[in-house]
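Chains, contacts and geometry: an overview
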Amino acid sequence: MAAFALTNVSITLDGTTVTGFANSVDANASADMLDFTTFASGSWKTMKPGFQSFTLNLKGFQDYATNGLDPAFPLASAGGTDTFTVAPTGGSNVADLAYFGQGLLTNYHPLTGAIGQPANFDFTWTGINQFVRGQVLHPSAARTATGNGTATPFTTPTATQALYAAFHVTSVTGTGSIQFKVQTANSLAFTTPNDRITSQSFTAAGGQFTSLAGALAGETHVRTTWTITGFTSVTFTVAAGVL
C-alpha cells in the first residue's frame, strides 16, 4: 500500500489563499444512519443512510498583518458562507485532485495559544450543500488576457448527477471584471465546445460554488475559460467535478 505525506496542500477560501497559514486540515463527510429494524430483522439492526453532511476544519498560525489571515476572516465572518477548494497534492497542475464545496463558518477561534508560543487559529465550516471530489481545471496563476484552460478527461454525469464547479479569484490588478465558463466536449481537441456553467462576473477577489444538474451524454473532456475586461492581471483557481 502506498503512503502519502501531506507536505504541499493547497487551500483556497473564497478569495483568500490559506496555504501559507494552515498546517492542519480535516475534511469529514458523513451520513445519518436511520434505524429500520423490525421484528423480522433476526436480532440484527437494519440501518440505511439518511441525510449526508460534511465539515472542513483548518488550523494553523494566525497573522494580524494587513494581508494576513485575521483581516480576511474578521469576527463578522463568523456564520458567513465561504467556497473552498483543497488540493492535497498541491494543486499546481490541471487534473490534480481537488475537494471543494461551500460551508458556513460555524466554529470561529481566531486566537489560541500560550505565552511565548505562536498565535494560532482554529476554524470549522459546516457544509450547506454537496462535498465534491473533483479536479483542478486551472491552478493558481496570474492571467493578463482572455483565454482557454487545458482540457482534461472527466466522467460525464448521469441523469441523477450534476457537474459542480468552484471559482476563486484571489488577486486583481486594476479595475475591471472577469467571468469564467466550464465547458465540455466530446474530444480532447475541443472542436465543438459546449458551455455548461457560467460564473458570476467578478469585479474583485471572491469565490463561487455552482452546479449544473443532469446528464451530459457523449462528453469526455472538460476545461475552463475566462474573459478578462479591464483588469491588467487576475490570479485565480478553478476546480470542477461530478457527483
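Residues numbered from 1 in each chain as written. Predicted model: local features only at pLDDT ≥ 70, side-chain atom pairs only at ≥ 80, totals over all residues. Heavy atoms only, no water.

1. A short note on the overall build of the chain
Check the secondary structure of the chain and you find one helix and 15 strands. Dimensions along the principal axes, computed over C-alpha positions, put the chain at roughly 70 × 60 × 40 Å. Classification of the 243 residues of the chain by burial places 42% in the buried group. When contacts within the chain are restricted to residue pairs at least 6 apart in sequence, long-range pairs at least 24 apart make up 73% of them. For the chain, the exposed surface amounts to about 12,400 Å²; the carbon and sulfur share of it is 54%. Charge-centre separation for the chain: the mean point of 8 positive side chains lies 11 Å from the mean point of 11 negative side chains. (Helix = DSSP H or I, 4+ residues; strand = E, 2+ residues; numbered from the N terminus. Buried < 20%, exposed > 50% of the residue type's maximum accessible area, 1.4 Å probe, protein only. Contact = heavy atoms within 4.5 Å. Areas by Shrake-Rupley, 256 points an atom, 1.4 Å probe, with all protein chains shown as cover. Lys, Arg positive; Asp, Glu negative; His and termini not counted. Charge placed at Lys NZ, Arg CZ, Asp CG, Glu CD.)

2. Regarding the nonpolar core
Residues Phe 167, Val 169, Ile 178, Phe 180, Val 182, Val 234 and Phe 236 are the most contacted members of the largest nonpolar core, which totals 20 residues. Within the residue set of this core, elements represented by two or more residues are strand E10 (162–173), strand E11 (177–185), strand E14 (221–229) and strand E15 (233–242). Non-local contacts of Val 169, meaning those with residues more than four positions away in its chain, are made with Asp 14, Gly 15, Ile 178, Phe 180, Phe 202, Ala 204, Ala 205, Gly 206, Val 234, Thr 235 and Phe 236. In terms of nonpolar packing, the next biggest core, distinct from the first, is built from 19 residues, Val 86, Tyr 108, Trp 125 and Phe 131 among them. (Core = buried A, V, L, I, M, F, W, Y, C linked by side-chain atoms within 4.5 Å.)

3. Quick notes on the packing of aromatic side chains
The geometry of an aromatic ring pair is captured by the separation of the ring centres together with the interplanar angle, meaning the angle of the planes. A complete count under the given rule lists 15 aromatic pairs for this structure. Between Phe 54 and Phe 84, the aromatic rings sit 5.8 Å apart at their centres with planes inclined by 65°, giving edge-to-face as the arrangement. In this pair, Phe 54 is assigned in strand E4 (residues 47–61) and Phe 84 in strand E5 (residues 81–87), connecting sequence segments 30 residues apart. In this structure, Phe 54 and Phe 84 share a single accessibility class: buried. (Phe/Tyr/Trp six-rings, centres within 6.5 Å; stacked < 30°, edge-to-face > 60°.)

4. Focus: the side chain of Thr 170
Residue position: Thr 170 is located in strand E10. On the accessibility criterion, Thr 170 (18% relative accessible area) is buried. Those residues within four positions of Thr 170 in sequence are excluded, and the remaining contacts are Thr 12, Gly 15, Thr 16, Thr 17, Ala 205, Thr 235 and Phe 236.

5. Points about the side chain of Arg 223
Residue position: Arg 223 is located in strand E14. One buried charge, Arg 223, has no salt-bridge partner; the nearest side chain with opposite charge is Asp 195, at 7.1 Å. Engagement of the side chain of Arg 223 in a polar contact is seen with the side chain of Gln 183, the distance being 2.8 Å. Ignoring any residue separated from it by four or fewer positions in sequence, one finds Arg 223 in contact with Leu 137, Asn 148, Gly 149, Thr 150, Ala 151, Lys 181, Val 182, Gln 183, Phe 190 and Pro 193. (Salt bridge = Lys/Arg side-chain N within 4 Å of Asp/Glu carboxyl O. Polar contact = N/O pair within 3.5 Å; in protein donor to acceptor, adjacent residues only side chain to side chain.)

6. Some points on the pairing of E14
Here E14 lies mainly inside the structure; seven of its nine residues are buried. Relative to E14, strand E8 (residues 147–148) runs antiparallel, the two sharing two bridges. Within E14, the residue paired with Asn 148 across the bridge is Thr 225. Summarising the sheet, strand E9 (residues 152–153) and E14 pair through two bridges and their orientation is antiparallel. Directly across from Thr 152, in E14, lies its bridge partner Val 222. Sheet topology places E11 next to E14; nine bridges connect them, and they run antiparallel. Across the sheet, Gln 183 pairs through a bridge with Arg 223, a residue of E14. (Pairing = 2+ DSSP bridges.)

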